[in-house]
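Structural overview
Each chain, letter by letter, is given below.
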Amino acid sequence: MKSVRQYKAGTADVLILEDVEIPAIQQGEVLIQGLYTSVNYADIKTRMGSKGQSTFPITLGLDIVGHVIESKSSAFQKGDYVFAFPNGGSYQQVVAAKESLTFKIPETIDPLQASALPTVTILSEILLKQIGDVQKEDTIVVHSAAGGVGTMLVKLAKQYGVSKIIGTVGDLSKKDYVLSIGADDVFTYDSFVEGVKQHTNGKGAQVIFDSVAGDVTKASLECLANFGTLVQFGNSSGKAGVISTSDVHNSCRNIKGFSLGTTRKEAPARLAPVVERIIPLFEGGQLSVPIARVYDLEEVQEAHRLIESRKHQGKILICLIKDEN
């Protein structure tokens, strides 16, 4: 089978397409013939070596959609249509996955939508409902609102009837897109503090979702309401956000962190109830993921360059099986 391998940290050029052996599965695992995988910003950080030391060679990728071709799990059988968070990366045509991280999906859900939903939708649902505990009457801020997770946070918040959704972007050329997916207003990282204050009569937002960190974290605390929550779940800026105790104790505000990666490793059972809630939204057509572009496996370098350019809107996918017809 074809697999994208990486032997050192670096630019997109380090991603190499190779022929490798199909993985063997253990008890409690399934083998999946992939259809599509998604590209996430976490892949970029891992490729560059900024998410810790890697033992090379590695294969990137967080999630995959496809069909079970072999099962050593009583929960799955050959032919099941699933998405999964596989062992050892998803930028390859066949993957092994634990049954606890594999989920059946209805055949009525298009593979493109199915492949776009696992990471961004599960993460967004947990952030909104569990970590942020967002209420309908809240004003929320979604940083990097045109990205994959940002898009889904906005769309889910709209689906759940949140009162006011404010998105931020690095470039106002993305404003119309963010408005089109459900945001009430959009600002740049340089202007959102005043924008949020104007929308809230100076009180600030109840919940702010921050995947950027750095200066954006500091600015977020300038427009977070008393008793509000800053949800920190990434640092795409590559810089740490600085927080002091005085930012929280007098104002009764709180700061929460979340990692889907840690949850997959240490508490995978928490994911199944979330999947049960979001699948009906896709099956019923209430929710969909905007697809920015679909690349072939051999075009993976181009996919990474597009994400790094920050010129995309929505999810970037990789097709794992070429249609020869």
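Scroll up a little and you will see the structure.
Not measured: the values here are computed from a predicted model.

1. Some remarks on the pattern of salt bridges
- Under the definition given, this model contains six salt bridges.
- Where Lys-2 meets Asp-19, a salt bridge forms, and the shortest distance between an N and an O atom there is 3.1 Å. Taken together, the positions of Lys-2 in strand E1 (residues 2-6) and Asp-19 in strand E2 (residues 15-19) put the pair 17 residues apart, joining distant regions of the chain.
- A relative accessible area of 33% means that Lys-2 is categorised as partly exposed.
- Put simply, Glu-18 and Arg-5 hold a salt bridge, and the shortest N to O gap is 3.9 Å. In this pair, Glu-18 is assigned in strand E2 and Arg-5 in strand E1, connecting sequence segments 13 residues apart.
- Taking relative accessible area as the criterion, Glu-18 reaches 23% and is therefore assigned partly exposed.

2. A look at the pairing of strand E14 (residues 291-296)
- Across five bridges, the pairing between E14 and strand E15 (residues 315-319) is parallel. Paired with Ile-291 across the two strands is Lys-315, which belongs to E15.
- Regarding topology, helix H10 (residues 300-309) serves as the crossover connection from E14 to the parallel E15, and that connection is right-handed.

3. Things to note about helix H4 (residues 148-159)
- With twelve residues, H4 extends 17 Å from end C-alpha to end C-alpha; this agrees with the ideal 16 Å at 1.5 Å per step.
- The element H4 is largely enclosed, with a buried count of ten among its twelve residues.
- When H4 is considered as a whole, its buried residues turn out to be Gly-148, Val-149, Gly-150, Thr-151, Met-152, Leu-153, Val-154, Lys-155, Leu-156 and Ala-157.
- Of the residues one or two after H4, Gly-161 is the one with positive phi, at around 75°.

4. As for the environment of Gln-198
- Mapped onto the elements, Gln-198 comes out in helix H6 (residues 192-199).
- Looking at Gln-198, the relative accessible area reads 60%, which means it is exposed.
- Sequence-wise, Gln-198 and Arg-305 are 107 residues apart; in three dimensions their C-alpha atoms are separated by 37 Å.

5. Re unusual backbone geometry
- Residue Pro-57 is reached from Phe-56 by a cis peptide bond, and omega for that bond is 0°.
- Along the chain, Pro-57 turns up in the loop between helix H1 (41-48) and strand E4 (64-71).
- A positive phi angle, close to 50°, is found at Asp-133, a residue other than glycine.
- Mapped onto the secondary structure, Asp-133 falls in the loop between helix H3 (118-131) and strand E8 (139-142).
- Residues other than glycine seldom take positive phi values, yet Asn-201 does so here, at roughly 55°.
- Counting through the fold element by element, Asn-201 comes out in the loop between H6 and strand E11 (205-210).

6. Focus: the packing of aromatic side chains
- Inspection of the entire model under this criterion finds two aromatic pairs.
- With a centroid separation of 6.4 Å and 80° between ring planes, the pair formed by Phe-83 and Phe-85 is classed as edge-to-face. For the residue pair Phe-83 and Phe-85, the accessibility class agrees, reading buried in each case.
- For the pair Phe-83 and Phe-103, a centre-to-centre distance of 5.3 Å together with 40° between the ring planes defines the contact as tilted. With Phe-83 in strand E5 (residues 81-84) and Phe-103 in strand E7 (residues 102-104), this pair connects stretches of sequence that are 20 residues apart. Taken individually, Phe-83 and Phe-103 each receive the classification buried, so the pair is uniform in this respect.
- Three or more aromatic residues link up through ring pairs in this structure, and these residues are Phe-83, Phe-85 and Phe-103.
- Taking the ring centre of Tyr-160 as reference, the NZ or CZ of Lys-129 above it sits at 4.1 Å.

Criteria and thresholds
- Residues numbered from 1 in each chain as written.
- Predicted model: local features only at pLDDT ≥ 70, side-chain atom pairs only at ≥ 80, totals over all residues.
- Heavy atoms only, no water.
- Salt bridge = Lys/Arg side-chain N within 4 Å of Asp/Glu carboxyl O.
- Helix = DSSP H or I, 4+ residues; strand = E, 2+ residues; numbered from the N terminus.
- Buried < 20%, exposed > 50% of the residue type's maximum accessible area, 1.4 Å probe, protein only.
- Pairing = 2+ DSSP bridges.
- Right-handed = clockwise from strand over helix to strand, strands pointing away.
- Expected span 1.5 Å × (residues − 1).
- Phe/Tyr/Trp six-rings, centres within 6.5 Å; stacked < 30°, edge-to-face > 60°.
- Lys NZ or Arg CZ within 6 Å of the ring centre and 35° of its normal.

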